[in-house]
Amino acid sequence: MNDAGNNQLVQFHNVNFSLPTAAAPIISELNLSVAQGETLVLLGESGCGKTTTLKLVNRLLVPTGGEVVVEGKSTTAWDPIALRRRIGYVIQEGGLFPHFTIARNVGLVPSLLGWDEARKRERVRELLDLVGLDPEQFAERYPRELSGGQRQRAGVARALAADPPLLLLDEPFGALDPLTRASLQREFAELSQRLGKTAILVTHDVREALILATRIGLMHNGRLLLLEPPDRFLTSNNPQARAYLDTLAVAEQAGENG
Amino acid sequence: MSFWHFLQLNWAELLLLIRQHLVLVFIAILAAVIIGVPTGILLTRHRALRGPVLGLANVMQTIPSLALFGFLIPLPFIGGIGARTALVALVLYSLLPIIRNTVTGILGVEPSVREAAVAMGMTDGQVLRQVELPLAMGVIVTGIRVATVIAVGVTTIAAAVGAGGLGVYIFRGLRQYDNNLLLAGALSAALLALAADFSLGLVERRINSAERKFAGRSTRRKLVLAVAVVLVIGGAALWRSLSNTDNPDIRIGSKDFTESALLAEIVAQMLEARGVSVERRFELGGNLPHEAVVTGTLDLYPEYTGTSYTAILHHKPISDPRAVYDQVKQEYAEKFNVEVSQPLGFENTFAILVRGAEARRLNLKTISDAAQYAGEWRAGFGQDFMSRADGYPGFSKTYGLKFAEVREMDLSLTYIALSSNQVDLIAANSTEGRIATLDLFQLADDRHYFPPYEAVYIVRQDSLARVPKLREVLAKLANAISTEEIRQLNYEIDGNKRDPKEVVREWIARKG
């Protein structure tokens, strides 16, 4: 499906990104490939450059050095509108439009692509079912009338609407209470496996990374420190990785003692 | 006359003024929205323009409205007298709140929502139309609401440039010291402002609640429908008001005081009696009627030779009436292609007045007699007298007058100020009807400072050629009005508060 021939959907080649107003670069010399069907989780504290990395993929930002290649073509060679319509995007709280109903929010990209009404309505029903929202009950509601978890489900449905090959998720479960988060994480893992989607997900929650990732990329100060599957990440000697794993250990200990 | 009685007599005219007022405000706001909203959108796209453009709009709004009208009058295309100038000024005033609120509204859209819109693959136009504008609409309507309320107020000043509206009653009321006129004008303007505020407030609340909660498309359709209805009604009113004033034969102007409007009305009625259609543009401020006749916006207006001689031709005052008249007639023909009619038979000079009782007590006859008391007196002068070439500066120098205090006030208020001891000396019009009724005494101009002010009509030469009946009417009016007669006519209007049209009709009937 692409000229790289090795099923790499997204590739970063020596990517740098800096703002003219800031001295320190936000991304330095980033090299990275995301294979078809994989879920890459970028892990790191806030300000490490993980969200910027995500925005470089759908050309909300353009690298100041190197290139980002999506489906074999540099993002700067893509028509940005066409590129974005092929990439699902989910942000915290879903980023739903407050003045659109849930149905209109979910059917947004199909509308932009000019689908006819009947096909769009059918797709919206299907997607709401898929993310566990009853279409009868939720289609005509406004985002304000939904709980945080329900909004997040609608956000995922919207990202999936036009069946994009790639999903970008920016701390999608960050604002949810722990129980809702856990169930949504489980459902998402199952869903992305079933649909065979490629996903890049950004989080600062190491537990979430371990649950969802096929590979974990650990970022710090704009650099990729480590890129390993979860089992290798657990045994890594990298001090940053250990620091994350220690928080996990403390939590478990507390759990056992309690 | 009670206010209620006044309304019964004048409701038709009041409704006409309200309609003029509304049409002015409506067109101005429509134009300001058409210019302001896209400008605001542009500013959200080009950050560098934001400061300068908003700054300019801000400065525009700090210019006092009367001054802004003054700047606009001499400009070609957008200036002159009438509704056009008023509209330009109104639009300039309305722009700031509309531009500012458009910018604030759009920039106030949640950044994550905008980012999601872009990331979904919306084009800039789609982000604007589907996300930013709908979410900013409440704030934008608030801006339109503020602009509308301001415009209803500023439109009252539009009467000063002959655009009509409720300001006509307010200015006339101030001049004639008539509370009924003032009340009718000011009260109606205030009610209009409240009504505009209230109805746009409803629209605003509707939008905000629609976006906050449930009602979706159906509300938006109703809103679009309501806006469409308003546009249609406004458009119809505009069309009617424009078609009403289609091509009259003669456009007559007057200055902004009773006698000038009276003399203009006399010509208007005599022309109408001869089948000539007339448009009245009365009560124009300052030298506006002169400018309008020279540029061809007006055909004719009443003037005084002394005013032409000093204020327009900038000569030093002289005292020979014949010499002044001949000089004015010759220079007007050469410079402006404008003709000066035969004198009407009376002079309206500045009359220096003191209270009758004071004059008898101090045995005052002339201005020179009064000079020794000036140091203890307060003088009250109209804005016109303070500023013109044959006014206060030369007057005080000629007679060596040094007043304890000089108060600049509206001319029409000086009479009442003098009779009620607020001031001790005023400069009034010699034909003023209230001189006798308030027991005021006119001091003789013993040094002949004031030039002769013979009443004449100033008329365009091409108008005389185009409408021959005009010459016939002006010939009939030569030497036709005595000083006693004009005082009487003025008093009927100012003193007895009668309708000028009726007073003129009676006078013409009497003269035959």
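Residues numbered from 1 in each chain as written. Chains lettered and ligands numbered in written order. Predicted model: local features only at pLDDT ≥ 70, side-chain atom pairs only at ≥ 80, totals over all residues.

Student: Before we go on, may I ask you to explain the overall build of chain B in this structure?
Tutor: Secondary structure assignment for chain B yields 23 helices and 10 strands. Within chain B, the fraction of its 512 residues that count as buried is 45%. A separation of at least 24 residues holds for 78% of the contacts in chain B among residues at least 6 apart in sequence. (Helix = DSSP H or I, 4+ residues; strand = E, 2+ residues; numbered from the N terminus. Buried ≥ 20, exposed ≤ 12 C-beta atoms within 10 Å, placed from the backbone. Contact = placed C-beta atoms within 7 Å.)

Student: What should I look at first to understand the domain arrangement of chain B in this one?
Tutor: Size of an interface, as often reported, equals the accessible area lost when the parts are brought together. Residues and elements named next belong to chain B. Here chain B is partitioned into domain 1 (3-244), domain 2 (250-346 + 452-511) and domain 3 (350-443). In this structure, domain 1 and domain 2 have C-alpha centres spaced 38 Å apart. Counting residues at the interface gives 12 residues for domain 1, matched by 14 residues for domain 2. (Domains from an automatic or database assignment.)

Student: What is the right way to look at the packing of helix H1 (residues 3-45) of chain B against helix H6 (residues 124-154) of chain B in this model?
Tutor: The relative placement of two packed helices is expressed as an angle between their axes plus a distance between the axes. All names here are of chain B. Relative orientation of the contacting elements H1 and H6 amounts to 140°, with a least axis distance of 10 Å. Judged by the angle between their axes, H1 and H6 are oblique. Considering the relative orientation of H1 and H6, their crossing is right-handed. Seen from H1, the contacting residues are Val 25, Ala 28, Ile 29, Ala 32, Val 33, Val 37 and Ile 41; seen from H6, they are Leu 128, Ile 140, Ile 144, Ala 147, Thr 148, Ala 151 and Val 152. (Axes fitted to C-alpha atoms, helices over the stretch in contact; angles between N-to-C directions. Parallel < 35°, antiparallel > 145°, perpendicular 65-115°, else oblique. Left-handed = near helix turned anticlockwise from the far one by under 90°.)

Student: Just checking my understanding: could you explain the interface of chain A and chain B for this structure?
Tutor: Taken together, the contact pairs 16 residues of chain A with 18 residues of chain B. Secondary-structure elements contributing two or more residues to the side of chain A that touches chain B are helix H2 (80-85), strand E6 (87-91) and helix H4 (108-112) of chain A.

Student: Would you mind going over the packing of helix H2 (residues 47-62) of chain B against helix H4 (residues 83-107) of chain B with me for this structure?
Tutor: All names here are of chain B. Where H2 meets H4, the axes come as close as 8 Å, and the angle between the chain directions of the two elements is 145°. Seen along the crossing, H2 lies across H4 with a hand that is left-handed. Residues Arg 50, Leu 54, Ala 57, Asn 58, Met 60 and Gln 61 of H2 form the contact with H4, whose own contacting residues are Leu 92, Tyr 93, Leu 95, Leu 96, Ile 99, Arg 100 and Val 103. Here the contact of H2 with H4 is built from residues that sort into 9 nonpolar, 2 polar and 2 charged. (Nonpolar A, V, L, I, M, F, W, Y, C, P; charged D, E, K, R; others polar.)

Student: Which parts of the structure should I look at to understand the sheet that holds strand E9 (residues 440-443) of chain B?
Tutor: All names here are of chain B. If you trace the 5 strands from one edge of the open sheet to the other, you get E7-E6-E8-E5-E9, paired in mixed fashion. Each edge of the open sheet carries a strand with a single partner, namely strand E7 (405-408) and E9. Each neighbouring strand pair of the sheet contributes to a mean axis angle of 35°, computed without reference to strand direction. Here 4 bridges tie strand E5 (residues 350-355) to E9, and the two strands are oriented antiparallel to one another. Counted as the bridge partner of Leu 353 is Gln 442 from E9. Along the sheet, helix H18 (residues 411-419) makes contact with E5, strand E6 (378-381), strand E8 (425-429) and E9, crossing E8 at roughly 140°. (Pairing = 2+ DSSP bridges.)

Student: Before we go on, may I ask you to explain the nonpolar core in this structure?
Tutor: One broad rule of soluble globular proteins: the nonpolar side chains tend to lie buried together. Residue and element names in this part refer to chain B. Core analysis: the largest hydrophobic core is formed by 181 residues, its most contacted members being Leu 24, Ala 28, Leu 90, Ala 151, Val 267 and Leu 300. Top element by residues in this core is H4. It accounts for 14 residues. A domain split of this core shows at least three residues from each of domain 1 (3-244) and domain 2 (250-346 + 452-511). If we ignore the near neighbours within four places in the chain, the residues touching Ala 28 are Leu 87, Leu 90, Val 91, Ser 94 and Ala 151. Core analysis: the next-biggest nonpolar cluster, separate from the first, contains 25 residues, Ala 351, Ala 370, Phe 381 and Phe 403 among them. (Core = buried A, V, L, I, M, F, W, Y, C linked by C-beta atoms within 7 Å.)

Student: Looking at this structure, how should I read the sheet that holds strand E4 (residues 65-70) of chain A?
Tutor: Two modes of strand pairing occur in sheets, parallel and antiparallel, and in both the strands are linked by backbone hydrogen bonds. Residue and element names in this part refer to chain A. Strand order across the open sheet formed by 4 strands is E2-E1-E4-E5, with antiparallel pairing between neighbours. Both edges of this open sheet fall to strand E2 (27-35) and strand E5 (73-74), since each of them pairs with a single strand only. Relative to E4, strand E1 (residues 8-17) runs antiparallel, the two sharing 5 bridges. Paired with Asn 16 across the two strands is Gly 65, which belongs to E4. Taken strand by strand, helix H1 (residues 50-57) contacts E1, E2 and E4, and its axis lies near 120° from that of E1.

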